[in-house]
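Understanding the architecture of this molecule
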Amino acid sequence: MKRTCNLEKNRQKCNCTYEPCPRKGICCECLRYHWEMGELPACLFPPEVERIYDRSLRTFLEYYKGRV
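First things first, this report covers the structure right here in the doc.

About the cut-offs
- Residues numbered from 1 in each chain as written.
- Predicted model: local features only at pLDDT ≥ 70, side-chain atom pairs only at ≥ 80, totals over all residues.
- Heavy atoms only, no water.
- Helix = DSSP H or I, 4+ residues; strand = E, 2+ residues; numbered from the N terminus.
- Buried < 20%, exposed > 50% of the residue type's maximum accessible area, 1.4 Å probe, protein only.
- Phe/Tyr/Trp six-rings, centres within 6.5 Å; stacked < 30°, edge-to-face > 60°.
- Lys NZ or Arg CZ within 6 Å of the ring centre and 35° of its normal.

Here the focus is unusual backbone geometry. For residues other than glycine, phi is negative in most cases, and the peptide bonds are mostly trans. Notably, Y53 is not glycine yet its phi reads approximately 65°, a positive angle. Locating Y53 in the fold gives a position in the loop between α3 (47-50) and α4 (57-64). Classification of Y53 by relative accessible area gives partly exposed; the value is 42%.

Encoded structure:
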């Protein structure tokens, strides 16, 4: 089954604060881009961490250590 990207719905839920981002709402491209950079997308971080733009795996693991 082929699925299509619901761009408007995705944009409404996207918590990325980097405004010139060309991938906002295109989750598959966002995930691919950040993974190639050794990062994770904004949607995996809470707002207080996302705002610092450190989307590294280390920051993700440090934040969630002991929380899950």
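So much for the structure itself; the text now carries on.
The tally for this structure, following the rule as stated, stands at four aromatic pairs. Between F45 and F60, the ring centres sit 5.8 Å apart and the planes meet at 90°, which makes this aromatic pair edge-to-face. Note that F45 is positioned in the loop between α2 (27-36) and α3 and F60 in helix α4, a separation of 15 residues in sequence. Of the residues examined, F60 reaches a relative accessible area of 23% and is grouped as partly exposed. Ring pairs connect the aromatic residues F45, F60, Y63 and Y64, which therefore count as one cluster. Here R23 stacks its cationic end above the ring of Y33, 3.6 Å away from the centre of that ring. Sitting above the plane of the Y63 ring, R67 keeps its charged end 3.9 Å from the centroid.

Interpretation note: all reported values are geometric properties and have no functional meaning in isolation.
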